[in-house]
Amino acid sequence: MTTLMTPQNIDIEQDLTVNYTEEELLDLEIPLQFNIDESSNSTDLSDILVPIDIDARSSIVETRLYQQRVIDNVMKAIREGHRSILITLPTGAGKSIIGHLLAKRLIEEYGYSVGWTCMRRILLKQAELENRAKFNVPITYFSTFTHHLPKIDVVIEDEAQHSASNTSTSINSQICPKVHIAMTATPYRTDHMKLCFSKVIIDAGLRQLVDEGWLSPYHLYITNMDWCPKTVASIYLQDPNRW
């Protein structure tokens, strides 16, 4: 069963009648046999939780070529003895898909137990829901700030630009994973602190993904004016047809 290390667990028999605030909903562990109806405005669990037909759910995800290359290169690096690997891909390139498929491979080929960590709870919840909907891989999801670290063989770290922080380094020193896989779209920190990995996997860049149709074209605006709502509005008004 996929678990999320949070303060509360749901008792389906007792808690369906309880109304929760949006903040409390983020702290709930949703059982694997249920999904969340994100279109619902209700805070009543009986309206939000939707049963999943696990047998009918497809666990096959069609990967893009660059995603498969990244997965293959990470597995090759592990076979070569690398135990600390950084994946760098642009936002929207599907790093969470890559992470879950890597977890699946590591479980199947090495029998490893896998944990997934991130500093933001909402990103942990998104990853858990994506796993439930597409992969059904046994992964322990835990916050970077938790005081109850799981016993796992592999740490997959999202938003790895934070891996240089004292909190993240402390987690890795306490868990001592056999493999640490980190993912980020922004490996360069504003404080110029370096990220330390024995292997860095870089594949498709932003321009390539736009040209291939995986990401939308964008326009870059650079201004010397004060960055405030008035400035943003003035930029938009320069080309109202675009917006």
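Data block above holds the structure.
Sequence order as written defines the numbering, with residues in each chain counted from 1. Given that this is a predicted model, residues contribute local features only at a pLDDT of at least 70 and side-chain atom pairs are listed and counted only at 80 or more, while totals for whole chains, interfaces and linings are drawn from all residues. As a rule here, side-chain values cover all heavy atoms of the structure and leave hydrogens and water aside.

> Let's hear about the pattern of salt bridges: which residues, and what values?
For this analysis, a salt bridge means a side-chain nitrogen from Lys or Arg found within 4 Å of a carboxyl oxygen belonging to Asp or Glu. Scanning the model with the defined rule gives 9 salt bridges in all. In this structure, Lys 104 engages Glu 108 in a salt bridge whose closest nitrogen and oxygen atoms are separated by 2.6 Å. Within this pair, Lys 104 and its partner Glu 108 are both found in helix 5 (residues 95-110), separated by 4 residues, close to a single helical turn. Residue classification places Glu 108 among the exposed positions, given a relative accessible area of 54%. Here Lys 125 and Glu 128 are joined by a salt bridge, their closest N and O atoms 3.7 Å apart. Remark: Glu 128 and Lys 125 occur in helix 6 (residues 121-135); sequence separation between them is 3 residues, near one turn of the helix. Only DSSP runs of H or I with at least four residues qualify as helices, and only runs of E with at least two residues qualify as strands; both kinds are numbered from the N terminus onward. Burial status follows relative accessibility: with a 1.4 Å probe on protein chains alone, a residue under 20% of its type maximum counts as buried, one over 50% as exposed, and anything between as partly exposed.

> Explain the packing of aromatic side chains to me, and be specific about the residues and the numbers.
Under the pairing criterion, centres of Phe, Tyr and Trp rings, with the six-membered ring standing for Trp, must be within 6.5 Å; the plane angle then separates stacked pairs below 30 degrees from edge-to-face pairs above 60, leaving the rest tilted. What the rule picks out here adds up to 2 aromatic pairs. When the ring of Trp 116 is compared with that of Tyr 141, the centres are 6.1 Å apart and the planes differ by 40 degrees; the resulting orientation is tilted. Highlighted residues: Trp 116 in strand 5 (residues 114-118) and Tyr 141 in strand 6 (residues 139-143), separated in sequence by 25 residues. For Trp 116, a relative accessible area of 1% translates into the label buried. With a relative accessible area of 0%, Tyr 141 lands in the buried category.

> I'd like to hear about helix 5, residue by residue, with values.
Any helix carries an expected span of 1.5 Å times its number of residues minus one. If you check helix 5, its first and last C-alpha atoms are 22 Å apart, about what 16 residues at 1.5 Å a residue would give, namely 22 Å. Residues of helix 5 that are buried include every one of Lys 95, Ile 97, Ile 98, Gly 99, His 100, Leu 101, Leu 102, Ala 103 and Leu 106, and no others. Immediately downstream of helix 5, the backbone of Gly 111 shows phi near 70 degrees, a positive value.

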